[in-house]
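# Summary of the model geometry
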2 protein chains.
Amino acid sequence: MKENTRDKFIETASNLFGKKGYNATGLNEILAESGAPKGSLYYHFPKGKEQLALEALILAGNKITQSITSHIENIDNPIEAIIYNIENIADIIDKEHKTRDITISLIALETYLSSETLRKACEDLYQSLENIYADKLMKAGMSPEEAHEIGEVICAMMEGAITLSLTRQNGNPLRLIAKQIPNIVKI
Amino acid sequence: MKENTRDKFIETASNLFGKKGYNATGLNEILAESGAPKGSLYYHFPKGKEQLALEALILAGNKITQSITSHIENIDNPIEAIIYNIENIADIIDKEHKTRDITISLIALETYLSSETLRKACEDLYQSLENIYADKLMKAGMSPEEAHEIGEVICAMMEGAITLSLTRQNGNPLRLIAKQIPNIVKI
DNA sequence: GTCTATAAGCAGATAGAC
DNA sequence: GTCTATCTGCTTATAGAC
């Protein structure tokens, strides 16, 4: 288990960064929750907080893309599939009132001006989300060009509706955009 | 000019909080840019950073609502008006690559778990934005119930598309949602 | 109302023993 | 690879002179 300590750091950091944000999460907090000392963290991540955040972001991104994929893969009709995915997130926010591997908007907005590394990682992840929706639409016969445009629109709608839902402490904004999916996806 | 120093604090804080976020902006930075000493800040804002942020958020909210209102008030057709407003923001992001009184999503996501005061202020501001769009739609004959639903959808789409545009460093995500406004606003 | 000085604590990062 | 101790600088906040 050579990578066990390292993985524990990444998982703890991913949870804390995702919940509280990059700037509000101190290294000491990550250390305390990981149960490891500071020297160990800088051995595994010589470039410090930014490097740890990059790996944490990649882990969170994998969980988000996997969650979306698993929700839409068993429903052939892309409209029904995407609505099902949105309503699932709305239910989570109703229950938990916080994010756990749901959105990276907080990290994106915190870092787009201060860290080119993290900004680029967020940009890449948004592209991955767009591609998931685009692939689903293309499988239903939509042209690649239109599918990518609509995929990006869905990605934007979801990020904004998640932000509103978290602020309002309920999933209703997400349910309202779900109602609009049939108006946007013309297959 | 009794309130001059106080107003200067609020304006400086609003700019810095809006650009870098709540947690990344130190009081010392606000002090340096305001050109006033620390004691003066705590005289005007006895409750410290959170109180200053609340007033800064209200100022930013007023500027945002005023900007949207001024962009849509001279165009009768709500679809054209809203598209015009979105494309205006897209142009700003193309030029400046950052936010100045465009969105409060960063503050909302940073504070919804840590400050009930600031969370509520963000919730209220989102409600104001929704109302602006709803009013415009009702004037074009839409029912109040539907107008508020569509207003909230537009608000969510815009916040998400702004986040994507800032991350991608260009306004194209905003332009893609502008193309979808006619599919969502049925008048 | 304005300003200086400073407190008390936490931030990210490093050096070096083991 | 792991851990302790520590450095420097910044954070929010306060006390008290003017």
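The name an unreviewed UniProt entry gives chain A is TetR family transcriptional regulator, with Anaeromicropila herbilytica as the organism.

With that settled, the discussion passes to empty space enclosed by the protein. In the structure shown here, the tally under the stated rule is three cavities of 30 Å³ or more. A volume near 180 Å³ is recorded for the largest cavity. Forming the boundary of the largest cavity are 18 residues, of which Ser14, Phe17, Gly18, Ala60 and Ile107 of chain B lie nearest the centre. The residue makeup of the lining of the largest cavity, split by class, is ten nonpolar, five polar and three charged. Empty space within the second largest cavity amounts to approximately 60 Å³. Along its surface, the second largest cavity is lined by Leu109 and Tyr112 of chain A together with Gly18, Lys19, Thr99, Thr103, Ile104, Ser105, Leu106, Ile107 and Leu166 of chain B. Sorting the residues of the lining of the second largest cavity by element identifies helix 1 (4-20) and helix 6 (105-111) of chain B as the ones contributing at least two each. Counting residues per element, the lining of the second largest cavity draws most heavily on helix 6 of chain B, at three residues. Within the lining of the second largest cavity, the residues separate by chemical class into six nonpolar, four polar and one charged.

The next point concerns the relation of the copies chain A and chain B. Note that the two copies of the chain are related through a rotation about an axis and a translation along the same axis. If you rotate chain A by 180 degrees and push it 0.0 Å along the axis, it lands on chain B with an RMSD of 0.0 Å. One copy is carried onto the other by what is essentially a two-fold rotation axis. Among all C-alpha atoms of chain A, that of glycine 160 of chain A lies closest to the rotation axis, at 1.8 Å.

Basis of the calculations
Residues numbered from 1 in each chain as written. Chains lettered and ligands numbered in written order. Predicted model: local features only at pLDDT ≥ 70, side-chain atom pairs only at ≥ 80, totals over all residues. Heavy atoms only, no water. 1 Å grid on protein atoms, 1.4 Å probe; cavity = no way out; pocket = protein on both sides within 12 Å on 5 of 7 lines; lining within 4 Å. Points joined across faces, edges and corners; volume = space filled by probe spheres on them. Nonpolar A, V, L, I, M, F, W, Y, C, P; charged D, E, K, R; others polar. Helix = DSSP H or I, 4+ residues; strand = E, 2+ residues; numbered from the N terminus. Least-squares fit on C-alpha atoms with pLDDT ≥ 70 in both.

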